[in-house]
Amino acid sequence: MRLAIYPGSFDPITNGHLDVIERACRLFDELIVAVALNDQKHATTLFSIDERLAILREACRENRKVRVAKLDGLLVNFARANEACAIVRGLRAVSDFEFEFQMALMNRKMEPDIETIFMMPKEDYTYLSSRIVKEIARLGGNVEAFVPTYVVKALRQKFVK
Ligand code: ADP
């Protein structure tokens, strides 16, 4: 039984995240998608923790390998408590590398038995980020190509004037 954790803010989930989830499910028996309460990269989020959990549960409803959970506290402690063998992260471009490299090595220092696995999304999603999707939606642009339909609706509700 090989279990991995895919942590992130998922504010909101994009097709890029979903692509990584699908790829990870080919490698592991179970995947916990762990939604961070807040982190260093995002002090504040557009969607509350409960909204992000609900959106993720909807997104992963048909994937029986996925469990969605709240991540409160240190990732390695959460991974150890769940007997995970790996942490999954997505890598889009060189810009992701430095932060991810540092996190992976720090996590290994704290928990040498848990490997960090980096997955590259489909090329179409390499330019996609939650931040850019929120910016387009905020300015009234169409984000249908980047996120699932219910996320389009959720974004619309956030930005209605
Ligand atoms: P974080 O707050 O850790 O950056 P995100 O929710 O932005 O969390 O993303 C979680 C993980 O998914 C990170 O490893 C990030 O690099 C990755 N990720 C985000 N968007 C994409 C994408 N379009 N393609 C592949 N990986 C992605």
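1. Some thoughts on the environment of Met-119
Okay, step 1: With respect to the helices and strands, Met-119 occurs in strand 5 (residues 115–119).
Okay, step 2: Classification of Met-119 as buried rests on a relative accessible area of 11%.
Okay, step 3: Sequence-wise, Met-119 and Ser-130 are 11 residues apart; in three dimensions their C-alpha atoms are separated by 17 Å.
Okay, step 4: In contact with Met-119, not counting residues within four places along its chain, are Val-20, Arg-23, Ala-24, Leu-27, Val-88, Arg-89, Gly-90 and Leu-91.

2. A look at a nonpolar patch on the surface
Okay, step 1: A grouping of Val-94, Phe-97, Phe-101 and Leu-105 is seen on the molecular surface, where their side chains present a nonpolar patch of about 410 Å² in accessible area.
Okay, step 2: A relative accessible area of 72% means that Val-94 is categorised as exposed.

3. With respect to the confidence of the model for the protein
Okay, step 1: Taken as a whole, the protein shows an average pLDDT of 94; of its residues, 96% reach a score of 70 or greater.
Okay, step 2: Here helix 4 (residues 94–110) stands out as the least confident element of the protein, with mean pLDDT 94; strand 1 (residues 3–8) is the most confident, with 98.

4. Examining the pairing of strand 2 (residues 30–36)
Okay, step 1: With seven of seven residues buried, strand 2 lies mostly within the body of the structure.
Okay, step 2: Across the two faces of strand 2 the burial is the same, with Glu-30, Ile-32, Ala-34 and Ala-36 and Leu-31, Val-33 and Val-35 all buried.
Okay, step 3: By the bridge criterion, six bridges tie strand 1 to strand 2 in an arrangement that is parallel. Its bridge partner lying in strand 2, Tyr-6 is registered against Val-33.
Okay, step 4: Between the parallel pair strand 1 and strand 2, the chain is carried across by helix 1 (residues 15–27), and the sense of this crossover is right-handed.
Okay, step 5: Where strand 2 meets strand 3 (residues 66–71), six bridges bridge the pair, whose relative direction is parallel. Residue pairing for strand 3: Leu-31 is matched across the bridge by Val-66.

Parameters and conventions
- Residues numbered from 1 in each chain as written.
- Predicted model: local features only at pLDDT ≥ 70, side-chain atom pairs only at ≥ 80, totals over all residues.
- Heavy atoms only, no water.
- Helix = DSSP H or I, 4+ residues; strand = E, 2+ residues; numbered from the N terminus.
- Buried < 20%, exposed > 50% of the residue type's maximum accessible area, 1.4 Å probe, protein only.
- Contact = heavy atoms within 4.5 Å.
- Patch = residues over 30% accessible without salt bridge, like charges linked within 9 Å, V, L, I, M, F, W, Y side chains within 5 Å.
- Areas by Shrake-Rupley, 256 points an atom, 1.4 Å probe, with all protein chains shown as cover.
- Salt bridge = Lys/Arg side-chain N within 4 Å of Asp/Glu carboxyl O.
- pLDDT = per-residue confidence, 0-100.
- Pairing = 2+ DSSP bridges.
- Right-handed = clockwise from strand over helix to strand, strands pointing away.

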